[in-house]
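Summary of structural features
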Amino acid sequence: MKSRLLLALALGLAWNTLLAADTNAPATPYILTPAAPATPRINGANVFGVRPGSPFLYTIAATGDRPMKFSARNLPRGLKLDAKTGQITGMLKSQGEFIVTLGAKNSLGAAGKIFRIVCGDQIALTPPMGWNSWNCFAHAVSADRVKRAADAMVKSGLINHGWTYINVDDYWENHRSSKDPTLTGPFRDAKGFIVPNVRFPDMKGLADYVHGLGLKIGLYSSPGPWTCGGCAGSWQHEQQDAQTYAKWGFDYLKYDWCSYGDVVSGLVTNVMKVKSSGTPHKTGDEAIHPYQLMGKFLREQKRDIVFSLCQYGMDDVWKWGGSVNGNCWRTTGDIIDLWATTDHKWQGSVTSIGFSQDAAAPFAKPGNWNDPDMLVVGEVGWGKTHPSRLTPDEQYTHISLWCLLAAPLLIGCDMEKFDDFTLNLLSNDEVLAIDQDALGKGATCVINHGDVRIYEKELEDGGRAVGFFNLGAMPVELKFNEFSRLGLAGKQNARDLWRQKDVVAVDTAKDSLPLTIPAHGVLLYKFTAAK
Ligand code: GLA
């Protein structure tokens, strides 16, 4: 009892009561996401951006028993729907905004959804959702593994929740010094076009395969001569590379600073002597230039290629990333699957990265996303995988926070090794809807008391998503009544998004909301003004 009181006093809060609860959070995985109904439900963002003249591919994400029949009313001229797969393809010639009614029907029922197609300058109107090879396969990636990841995205059902991109990270190119025969070969052909390593014998075929599943595909390079892993980068071949990616049919490019710092420092008299990774950092035009260049060349392609800047937040990238055609930008060093870190220079933990994004948050908007790095749930491990070292509650924190921050959601695990817990963590449509909200706001920390952090994000429908986080090692109970600090007034309905359950209707003038937040855990609520 004494310790409970101490905690309450130490925090010195304006809550009515604040007590440490008796029980510890379960360390064994526990699933909160309710099973999706067998009747159809259409998920995913309610807006999609495309440029005039670019190939269009959008797969209607819907849960429910198959077979399903899809429909799309008021589809603009130039687009067509495959009623069996839900894939919308084609091309729009000119700018415009189109309101379409999507439908999905199976033997048990039907569902509909209003969907906005915006044909204009901007793409990635909601944060990209997908998978990236780095956090699981790292240097051991291959076309075969990428295809299997795409298959797993479909088989696991994640495609039905809006997950789209299958991104190849480093090591699809040949390596500067590796003895591995599958990484050894020419960097470029006689005309200077990039040559993939033998693990990737047919890049166009790979892209076609992924597109055939209704998914999209991404690639990785560096503005320097070498990627961070020491493979061939795009330096002095930027235009050719942009053309090549478009020709192959890629939809996403992660462009990683790596050896470029040495280029700016004038150290390229001998390319083989240029270091691969990470140094030195630059500011101003020196930091911006390489991204401007590739951004321009990507924009010249007749294909929508999401441009993802990876330079670890250098020179406050969130202030200028949009101006170089960037769609997302890493704000930090590399993430690892730990709750906290103390001894890593360039790596960050879920808390050190996730809870330090406030400066960048106001710069998030449709087409421009802050990227606190990829997800570290499931089987991760950079070439030698293990189950994420985060506890279940830490993983709920991780996903909730990334969704509140409107971060790109890139699964980093081996998707062939999904367990039920991880799959459920990644398929809660009400949680994902917070990330995919069309208003495009990034949450900031509104209340910070002791171990408690309360993050809030404004939503398009006028509601607010609120994450009540507990960074402490003990569960926290509180009676929350500081609604005015969250800008909430009058009567509000509170819904628990992980459980997909209405919790209570509160009169913000006089009621308080009882909350129990697990150790290192979260309650993710949506508040909507009561009618
Ligand atoms: C850097 C990036 C990682 C990954 C590796 C590849 O470390 O931050 O996400 O792309 O390079 O070498």
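A quick note: this is a predicted structure, and the numbers were derived from the prediction, not measured. (Residues numbered from 1 in each chain as written. Predicted model: local features only at pLDDT ≥ 70, side-chain atom pairs only at ≥ 80, totals over all residues. Heavy atoms only, no water.)

Quick look at unusual backbone geometry
Omega for the bond connecting Arg66 with Pro67 falls within 30 degrees of zero, at 0 degrees, which places this linkage in the cis form. Residue position: Pro67 is located in the loop between strand 5 (61–63) and strand 6 (69–73). With a phi angle near 65 degrees, Tyr312 is a residue other than glycine that sits in the positive phi range. If you trace the backbone, Tyr312 turns up in the loop between strand 15 (306–310) and helix 8 (317–320). (Helix = DSSP H or I, 4+ residues; strand = E, 2+ residues; numbered from the N terminus.)

Here's the deal with the site of the ligand
Around the ligand sit 13 residues, and of these Asp169, Asp170, Lys254, Asp256 and Asp334 come closest. Here Gly229 contributes a backbone N or O atom positioned 3.4 Å from an oxygen atom of the ligand. Within the side chain of Arg330, an N or O atom sits 3.1 Å from an oxygen atom of the ligand. Protein chains bury 94% of the 310 Å² of accessible surface belonging to the ligand in isolation. (Near = heavy atom within 4 Å. Polar contact = N/O pair within 3.5 Å; in protein donor to acceptor, adjacent residues only side chain to side chain. Areas by Shrake-Rupley, 256 points an atom, 1.4 Å probe, with all protein chains shown as cover.)

Re the state of the cysteines
On inspection of all chains with the given rule, the structure shows one disulfide. Not part of a disulfide, Cys231 finds its nearest cysteine sulfur in Cys258, a span of 9.9 Å. Here Cys231 falls in the buried class, since its relative accessible area comes to 0%. The structure places no disulfide on Cys328, whose sulfur is separated from the nearest cysteine sulfur, that of Cys310, by 10 Å. Using a relative accessible area of 0% as the deciding quantity, one classes Cys328 as buried. (Disulfide = S-S within 2.5 Å. Buried < 20%, exposed > 50% of the residue type's maximum accessible area, 1.4 Å probe, protein only.)

Side note on the nonpolar core
In terms of nonpolar packing, the biggest core is built from 102 residues, with Trp163, Trp172, Tyr245 and Met415 touching the most fellow members. Excluding anything up to four places from it in sequence, Tyr245 contacts Trp172, Leu219, Ser221, Ser234, Phe250, Leu253, Met294, Leu298 and Ile305. Membership of the second largest hydrophobic core comes to 20 residues, among which are Leu79, Leu102, Ala104 and Cys119. (Core = buried A, V, L, I, M, F, W, Y, C linked by side-chain atoms within 4.5 Å. Contact = heavy atoms within 4.5 Å.)

What to know about the environment of Tyr396
By the element assignment, Tyr396 lies in helix 10 (residues 392–404). For Tyr396, a relative accessible area of 4% puts it in the buried group. In this structure the C-alpha to C-alpha distance between Tyr396 and Thr59, which are 337 residues apart in sequence, comes to 27 Å. If sequence neighbours within four positions are ignored, Tyr396 has contacts with Tyr30, Ile31, Leu32, Phe421, Leu425, Trp498 and Val522.

Let's talk about helix 7 (residues 284–299)
The terminal C-alpha atoms of helix 7 lie 22 Å apart, and with 16 residues this matches the ideal 22 Å at 1.5 Å per residue to within 8%. Elements that come into contact with the buried residues of helix 7 comprise helix 5 (238–248), strand 14 (252–256), helix 6 (260–264), strand 15 and helix 8. (Expected span 1.5 Å × (residues − 1).)

As for the layout of surface pockets
By volume, the largest pocket amounts to about 670 Å³. Together, 39 residues line the largest pocket, and Phe48, Leu57, Thr164, Tyr165 and Lys216 are the ones closest to its centre. Sorting the residues of the lining of the largest pocket by element identifies strand 3 (47–50), strand 4 (55–59), helix 4 (203–212) and helix 5 as the ones contributing at least two each. In terms of residue count, strand 4 provides more of the lining of the largest pocket than any other element does, five residues in total. (1 Å grid on protein atoms, 1.4 Å probe; cavity = no way out; pocket = protein on both sides within 12 Å on 5 of 7 lines; lining within 4 Å. Points joined across faces, edges and corners; volume = space filled by probe spheres on them.)

Quick word on the domain arrangement of the chain
For the chain, the assigned domains are domain 1 (41–119) and domain 2 (128–435). Each of domain 1 and domain 2 has a C-alpha centre, and these two points are 27 Å apart. The partner domain 2 presents 15 residues to the 15 residues of domain 1 that form the contact. Carbon and sulfur atoms make up 44% of the surface buried where domain 1 meets domain 2, a total of about 1,200 Å² over both sides. Per-residue buried area on domain 1 facing domain 2 is highest for Arg51, Pro55 and Leu57; these three make up 40% of the total on that side. At the boundary of domain 1 with domain 2, the tally comes to one salt bridge. The shortest N-O distance in the salt bridge between Asp429 and Arg41 comes to 3.2 Å. Counting every contact that joins domain 1 to domain 2 gives seven residue pairs in polar contact (both at pLDDT 80 or more). When contributions to the side of domain 1 that touches domain 2 are tallied by element, the ones reaching two or more residues are strand 2 (41–43), strand 3, strand 4 and strand 5. Grouping the amino acids of the side of domain 1 that touches domain 2 by side-chain chemistry returns six nonpolar, six polar and three charged. (Domains from an automatic or database assignment. Buried area = accessible area lost by both parts, 1.4 Å probe. Salt bridge = Lys/Arg side-chain N within 4 Å of Asp/Glu carboxyl O. Nonpolar A, V, L, I, M, F, W, Y, C, P; charged D, E, K, R; others polar.)

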